[in-house]
Structures are given as C-alpha cells and as structure tokens.
Amino acid sequence: AQSVAQPEDQVNVAEGNPLTVKCTYSVSGNPYLFWYVQYPNRGLQFLLKYITGDNLVKGSYGFEAEFNKSQTSFHLKKPSALVSDSALYFCAVRDMFRHNQGGKLIFGQGTELSVKP
Amino acid sequence: DAGVTQSPTHLIKTRGQHVTLRCSPISGHKSVSWYQQVLGQGPQFIFQYYEKEERGRGNFPDRFSARQFPNYSSELNVNALLLGDSALYLCASSLGPDRTDTQYFGPGTRLTVL
C-alpha cells in the first residue's frame, strides 16, 4: 500500500533562514508525489508535484522539493523563509485504483511550519 | 479564473440529521474528489467521480454517498449524522482521473454535528 510519512509535527525557522519540511514515502511502482499548504480555516493549496524527470522540482511561492529515490524522500525546501510561509504543510502520494481508472491522494499527517521574525 | 467553490461554508447539524454539501469544479475539469479532514489530521479520501461515474470510494460507511451532475458539479450526502462526522469536507477538482492530474482543492465546508 502507498503511504507517506512526515516525521516532524512542527518545524520552527527564523525569517530569512532556509527551511526544510521532511517527507518520506513508501510505494509500489513509480511514485507520484505532491506538496500542499493549508492556511488556517482554508482548503489546501497546491505547491508542486513530482511525476518524472529532474529530481529537483520547482513550485509556487519560491518552494522547491528534492526527490531522492534511494532514500525514498521528497523534502520540501525554500532558500529564505518568510513569516507568511507559516502554515500547515502536507505531503501526499497518488494511489491509483484498479486498472488505473482514477486515483486518490494519500496524505501525511502534516507539519506545522512556524517562521518567526 | 474561478477556483473550486464549495457551499455552504459552515454548517451545524444535530445527530441523526442529513446533510448535503455542494462543489463546483474549475471550468474544464471533469473529475471531482471528496475528502474528509478531521482536526489535526491529513485529509482522508471519500469518493472520486469522473464523467458522472464513481471511480473510487474510500473506507467510509454507506451513510456517505455522492453524485456528479452533467455540468461536472458534485454533491456529497451524509445520512444519520454522528458526532464523529464533524470535520472539514474538502472537494478537489482535476482535469481527469489520470495519475499525473493535479487535484485543486476548494475552501471546504466545516460541518459541526451536535
């Protein structure tokens, strides 16, 4: 079964410092990985995805993620954190139904990112 | 362009009642998925529809049902509400059901069951 794990419930970073939010995955076959961000009382906003190709994926708002097959990881990164980046971040993996007739997202538990001025 | 829209924003019901949640996908998107997010957890998959057909169902009781209309909008129905149904219900739309299709989420409907 497909799954993702986010080992840190919370990450604290000072504004201007680089940030990393960790995600590891377990899949059978090729992984299709996603990052979403959720602000308080809001839905999820798509940041980026890895389907195939370059291991470094660039996304919205200056975020990027590094796919590492040997370590089965897909960590989210940003070179310089902003206070406005403070939010809940979710890693997800696509799990296809039988005969590939659709697929659901399986989410991690989420990581609360707090960026202090 | 308008994103995914959901209605209502908030809803308060009592145990045993029935609720209908609505979702309008992004224009051009033909697939809609529903997720339940309980406080402090990641979203859990409930249903996926594509071209009005159910493509997948999560591990939820039969009290949960959904449908997709010819205009690709969707409804999620929950019967005989329980306290444990209190959650944020998220709708996501995508171009199709393919593994590479990104799911874009609406703002959600916050359901409180008393």
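Definitions and limits used
Residues numbered from 1 in each chain as written. Chains lettered and ligands numbered in written order. Predicted model: local features only at pLDDT ≥ 70, side-chain atom pairs only at ≥ 80, totals over all residues. Heavy atoms only, no water. Buried < 20%, exposed > 50% of the residue type's maximum accessible area, 1.4 Å probe, protein only. Helix = DSSP H or I, 4+ residues; strand = E, 2+ residues; numbered from the N terminus. Pairing = 2+ DSSP bridges. Axes fitted to C-alpha atoms, helices over the stretch in contact; angles between N-to-C directions. Disulfide = S-S within 2.5 Å. Phe/Tyr/Trp six-rings, centres within 6.5 Å; stacked < 30°, edge-to-face > 60°.

Chemist: Account for the pairing of strand β5 (residues 33-38) of chain A, naming residues and giving values.
Modeler: Residues and elements named next belong to chain A. Where burial is concerned, most of β5 is hidden: 6 out of the 6 residues are buried. Neither face of β5 is left uncovered, since the one carrying L33, W35 and V37 and the one carrying F34, Y36 and Q38 both have all their residues buried. Note: β5 against strand β6 (residues 44-50), 6 bridges, orientation antiparallel. By the bridge assignment, V37 is partnered in β6 with Q45. Between the antiparallel neighbours β5 and β6 lie 5 residues, among them N41 with a positive phi of about 60°.

Chemist: Give a description of the sheet that holds strand β3 (residues 19-24) of chain B that names residues and reports values.
Modeler: All names here are of chain B. Read across the open sheet, the 4 strands follow the order β1-β3-β8-β7; overall the sheet is antiparallel. In this open sheet, the two edge strands, each paired with only one partner strand, are β1 (5-7) and β7 (64-68). Across the sheet, the mean angle from the axis of one strand to that of its neighbour is 15°, orientation sign disregarded. Bridging between β1 and β3 involves 3 bridges; their strand directions are antiparallel. Residue pairing across strands places Q6 opposite C23, the latter belonging to β3.

Chemist: How would you sum up the state of the cysteines? Please name residues and give values.
Modeler: Under the definition given, this model contains 2 disulfides over all chains. The disulfide that involves C23 of chain A links it to C91 of chain A, with 2.0 Å between the sulfurs. Handedness here is read from the sign of the S-S torsion; for C23 of chain A and C91 of chain A, about -60°, the answer is left-handed. You can see C23 of chain A sitting in the loop between β3 (19-21) and β4 (24-26) and its partner C91 of chain A sitting in strand β10 (residues 87-96), a full 68 residues away along the chain. A relative accessible area of 0% places C91 of chain A in the buried class. The side chain of C23 of chain B participates in a disulfide bridge whose partner is C91 of chain B; the two sulfur atoms lie 1.8 Å from each other. Between C23 of chain B and C91 of chain B the sulfur-sulfur dihedral comes to about -60°; the bridge is accordingly left-handed. Pair noted here: C23 of chain B is in strand β3 and C91 of chain B is in strand β9 (residues 87-94), with a separation of 68 residues, a long-range link.

Chemist: Would you mind going over the packing of aromatic side chains in detail, with residue names and values included?
Modeler: Tallied over the full model, the rule gives 17 aromatic pairs over all chains. Measuring from centroid to centroid gives 5.9 Å for Y36 of chain A and F46 of chain A, while their planes differ by 65°, and the two rings are edge-to-face. Residue Y36 of chain A is located in strand β5, and its partner F46 of chain A is located in strand β6; the two are separated by 10 residues in the primary sequence. Relative to F107 of chain A, the ring of Y36 of chain A lies with its centre 5.9 Å away and its plane at 55°, an arrangement referred to as tilted. Here Y36 of chain A is found in strand β5, whereas its partner F107 of chain A is found in strand β11 (residues 103-107), with 71 residues between them in sequence. This pair shows no difference in class: Y36 of chain A is buried, exactly as F107 of chain A is. Taken together through their ring pairs, the aromatic side chains of F34, Y36, F46, F90, F97 and F107 of chain A together with Y35, F45, Y104 and F105 of chain B make up a single cluster.

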